[in-house]
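So you can see what is in the structure, the chains are spelled out below.
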Amino acid sequence: MTFDIYNTDGSLSGEKLDLSDEIFGVEPNDHAIYLSVKAYLANQRQGTHKAKERSEVRGGGRKPWRQKGRGAARAGTTRSPLWVGGGTIFGPRPRNYRQDLPKKVKRLARKSAFSYKAKDEQLIVIQDFSFENPKTKEFSAILQALNSEGKKVLLLTGTSDMVVYKSGRNIPKVKVLEASKASTYDILNNQVLILQKSAVEAINKTFMDTREAVN
């Protein structure tokens, strides 16, 4: 699978890059994507939610009125879950929502996500670029040149580049990540996926290393 490489001004550089069919040309597995995204979203949850149950609410030690003779329902405490100010019935408790997946399923999900992007023509390969200092205006100009301004964009860099990251973080709907750290959710949750040339090499290396480790 061959892609043209663009310059930062939106013009074609004249170079072409072969993207591995083992990564960008597989038959997408929707179930693997579903499992990966579900696990990713679950792992974002802190699980610190907490509500007080009946035994944890302060007060209510005295019986509010006598058992019989008032024509009202019997009550032993004002902290009953049926009363205002009472405890919560089966309230949420702190818990760990973490989900783990087999490495092969994670790999298949990421490959499927990349393949969907390539298949749907939502993938752009661009020459490596950076700035001397964080420049949001220059970053925005690159997006405009690539007809991606105003769209939900994910830019993947080959290595960690804080200057590029800081240049793009204030632009609405734009996210910058190191290629090796992009999850299936990140890859799919955008309208345009922009890969720096070095990011493609990093992706190939990531999957090659993983394949060797698995095998």
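Novice: How would you summarise the overall build of the protein if you had to cite specific residues and measurements?
Specialist: Of the regular secondary structure elements, the protein holds 7 helices and 6 strands. The order of helices and strands in the protein, counted from the N terminus, is β-β-α-α-α-β-α-β-α-β-α-β-α. Taking 17 Å as the expected radius of gyration for a compact globule of 215 residues, we find that the protein reaches 27 Å, considerably beyond that expectation. Overall, the protein is about 95 × 45 × 25 Å in size when its C-alpha atoms are taken along their principal axes. A buried classification covers 36% of the 215 residues belonging to the protein. Across the protein, every contact between residues at least 6 apart in sequence was considered, and the portion connecting residues at least 24 apart equals 69%. As displayed, the protein offers around 13200 Å² of accessible surface, 48% of which is attributable to carbon and sulfur atoms.

Novice: Please provide a residue-by-residue account of the sheet that holds strand β3 (residues 123-126), values included.
Specialist: Strand order in this open sheet of 6 strands is β2-β1-β3-β6-β4-β5, and the pairing throughout is mixed. Bordering the open sheet on either side are β2 (12-18) and β5 (174-178), each of which pairs with just one other strand. Direction aside, neighbouring strands of the sheet carry axes that sit 30° apart on average. Bridge count for β3 against strand β6 (residues 192-196) is 4 bridges, and the pairing is parallel. The residue of β6 that forms the bridge with Val125 is Leu195. Strands in contact with helix α3 (residues 103-119) are β1 (2-6), β3, β4 (153-157) and β6; relative to β3, the strand with the most contacts, it is inclined by about 90°.

Novice: So what's going on with the packing of helix α2 (residues 30-43) against α3? Which residues, and what values?
Specialist: Interaxial distance between α2 and α3 falls to 8 Å at its minimum, and their mutual angle equals 110°. Between α2 and α3, the crossing angle belongs to the class labelled roughly perpendicular. α3 is crossed by α2, and the crossing has left-handed handedness. Two secondary-structure elements touch here, α2 through Asp30, Ala32, Ile33, Leu35 and Ser36 and α3 through Val105, Leu108, Ala109, Ser112, Ala113 and Tyr116. Here the contact of α2 with α3 is built from residues that sort into 8 nonpolar, 2 polar and 1 charged.

Novice: Give me the nonpolar core: which residues, what numbers.
Specialist: Counting residues in each nonpolar core, the largest one holds 24 residues, and the members touching the most others are Phe24, Phe114, Leu123, Leu156, Leu193, Leu195 and Ile203. Elements with a minimum of two residues in this core: β1, α1 (21-24), α3, β3, β4, β6 and α7 (197-214). Apart from residues no more than four positions distant in its own chain, Leu156 is found in contact with Phe114, Leu177, Ala179, Ala182, Leu193, Ile194, Leu195, Gln196, Ala199 and Ile203.

Novice: An account of the side chain of Lys117 is requested, with residue identities and associated values reported.
Specialist: Along the polypeptide, Lys117 turns up in helix α3. Among buried charged residues, Lys117 stands out as having no salt bridge; its nearest opposite-charge side chain is Asp120, 6.6 Å away. Ignoring sequence-local partners within four residues, the contact set of Lys117 consists of Gln122, Leu123, Ile187, Leu188, Asn190, Gln191 and Leu193.

Novice: Any details on the packing of aromatic side chains? Residues and values, ideally.
Specialist: The final tally for this structure, using the stated rule, is 5 aromatic pairs. Measuring from ring centre to ring centre gives 5.0 Å for Tyr40 and Tyr185, while their planes differ by 20°; the resulting arrangement is stacked. On the criterion of sequence distance, the pair formed by Tyr40 in helix α2 and Tyr185 in helix α6 (residues 184-188) is long-range, its members being 145 residues apart. Since its relative accessible area comes to 26%, Tyr185 is described here as partly exposed. Judged by centre distance (6.3 Å) and plane angle (70°), the rings of Phe129 and Phe139 are edge-to-face. In this pair, Phe129 sits in the loop between β3 and α4 (136-145) while Phe139 sits in helix α4, placing the two residues 10 residues apart along the sequence. In this structure, Phe129 and Phe139 share a single accessibility class: buried. Through successive ring pairs, a cluster of aromatic residues spans Phe129, Phe131 and Phe139. The cationic tip of Arg45 hangs over the ring face of Tyr97; the distance from NZ or CZ to the ring centre is 3.7 Å.

What counts, and at which threshold
- Residues numbered from 1 in each chain as written.
- Predicted model: local features only at pLDDT ≥ 70, side-chain atom pairs only at ≥ 80, totals over all residues.
- Heavy atoms only, no water.
- Helix = DSSP H or I, 4+ residues; strand = E, 2+ residues; numbered from the N terminus.
- Rg over C-alpha atoms; globule rule 2.2 N^0.38 Å.
- Buried < 20%, exposed > 50% of the residue type's maximum accessible area, 1.4 Å probe, protein only.
- Contact = heavy atoms within 4.5 Å.
- Areas by Shrake-Rupley, 256 points an atom, 1.4 Å probe, with all protein chains shown as cover.
- Pairing = 2+ DSSP bridges.
- Axes fitted to C-alpha atoms, helices over the stretch in contact; angles between N-to-C directions.
- Parallel < 35°, antiparallel > 145°, perpendicular 65-115°, else oblique.
- Left-handed = near helix turned anticlockwise from the far one by under 90°.
- Nonpolar A, V, L, I, M, F, W, Y, C, P; charged D, E, K, R; others polar.
- Core = buried A, V, L, I, M, F, W, Y, C linked by side-chain atoms within 4.5 Å.
- Lys, Arg positive; Asp, Glu negative; His and termini not counted.
- Salt bridge = Lys/Arg side-chain N within 4 Å of Asp/Glu carboxyl O.
- Phe/Tyr/Trp six-rings, centres within 6.5 Å; stacked < 30°, edge-to-face > 60°.
- Lys NZ or Arg CZ within 6 Å of the ring centre and 35° of its normal.

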